[in-house]
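Fold and geometry: a report
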Amino acid sequence: MKQFIHKSMAIFMAAVVLMITMSFTIDMHYCGDSLVDFSFVQKVKTCGMEKALATISCENPTPSEKTCCTDKQVVKEGKDDLKVSFDQLTLEQQVFIASFTYSYLSLFEGIESKDVPFIDYPPPFVKRDVQVLHQTFII
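In what follows, the accompanying structure is described.

Conventions used here
Residues numbered from 1 in each chain as written. Predicted model: local features only at pLDDT ≥ 70, side-chain atom pairs only at ≥ 80, totals over all residues. Heavy atoms only, no water. Disulfide = S-S within 2.5 Å. Buried < 20%, exposed > 50% of the residue type's maximum accessible area, 1.4 Å probe, protein only. Pairing = 2+ DSSP bridges. Helix = DSSP H or I, 4+ residues; strand = E, 2+ residues; numbered from the N terminus. Axes fitted to C-alpha atoms, helices over the stretch in contact; angles between N-to-C directions. Patch = residues over 30% accessible without salt bridge, like charges linked within 9 Å, V, L, I, M, F, W, Y side chains within 5 Å. Areas by Shrake-Rupley, 256 points an atom, 1.4 Å probe, with all protein chains shown as cover. Salt bridge = Lys/Arg side-chain N within 4 Å of Asp/Glu carboxyl O.

Moving on, we come to the state of the cysteines. What we call a disulfide is simply a covalent bond connecting the sulfur atoms of a pair of cysteines. In the structure shown here, the tally under the stated rule is zero disulfides. Counting only cysteine sulfurs, Cys 69 is the nearest neighbor of Cys 31, a cysteine outside any disulfide, at a range of 3.5 Å. Take Cys 69: its relative accessible area is 10%, and that puts it in the buried class.

Shown next as structure tokens:
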């Protein structure tokens, strides 16, 4: 059970680091207020209204109607520098890290306890010696 939790936490932390450092782009095509298409890896497919307005001939040099389609692009930039230098921390942060490390390491110091809880009580009275009775001796 402990190994399963350890491995699952390692996979989770690796996924978090991957998502933080990875950058991606989402392309979206709106026709009016409704979303027609979105894509993570390639350009979005349009609804075709741009092609209809682009065919302007010599008889009709200006388009009579403005297009209602819009393209939107959301870019998420990943982080390049994940290691924070100890020099960039403020004095309060350095004091916190030092005190936290000291208090955490002091949790694992051995405690020499010579406290015997039954020191005030006499040993029990033995009616007969069982080892001699059964002839069992530790050699």
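Don't stop here, the text continues.
Another aspect to go through is the sheet that holds strand 3 (residues 69–76). Taking strand neighbours across the sheet as the criterion, the three strands line up as 2-1-3 in an open arrangement whose pairing is antiparallel. Only two strands of the sheet have a single partner each, and these edge strands are strand 2 (34–39) and strand 3. Taken over all neighbouring pairs, the strand axes of this sheet differ in orientation by 20° on average, direction set aside. With five bridges joining them, strand 1 (residues 24–31) and strand 2 adopt antiparallel strand pairing. Within strand 2, the position partnered with Tyr 30 by the bridge is Leu 35.

Time to look at a nonpolar patch on the surface. Where nonpolar side chains cluster on the molecular surface, the patch consists of Met 1, Phe 4, Ile 5, Met 9, Phe 12, Met 13, Val 16 and Ile 20 and spans about 850 Å² of accessible area. Looking at the element boundaries, Met 1 is found in the segment before helix 1 (2–21).

So, on to unusual backbone geometry. For residues other than glycine, phi is negative in most cases, and the peptide bonds are mostly trans. Positive phi is not limited to glycine here, since Gln 135 has a value of about 55°. Overall, Gln 135 belongs to the exposed group, its relative accessible area being 55%.

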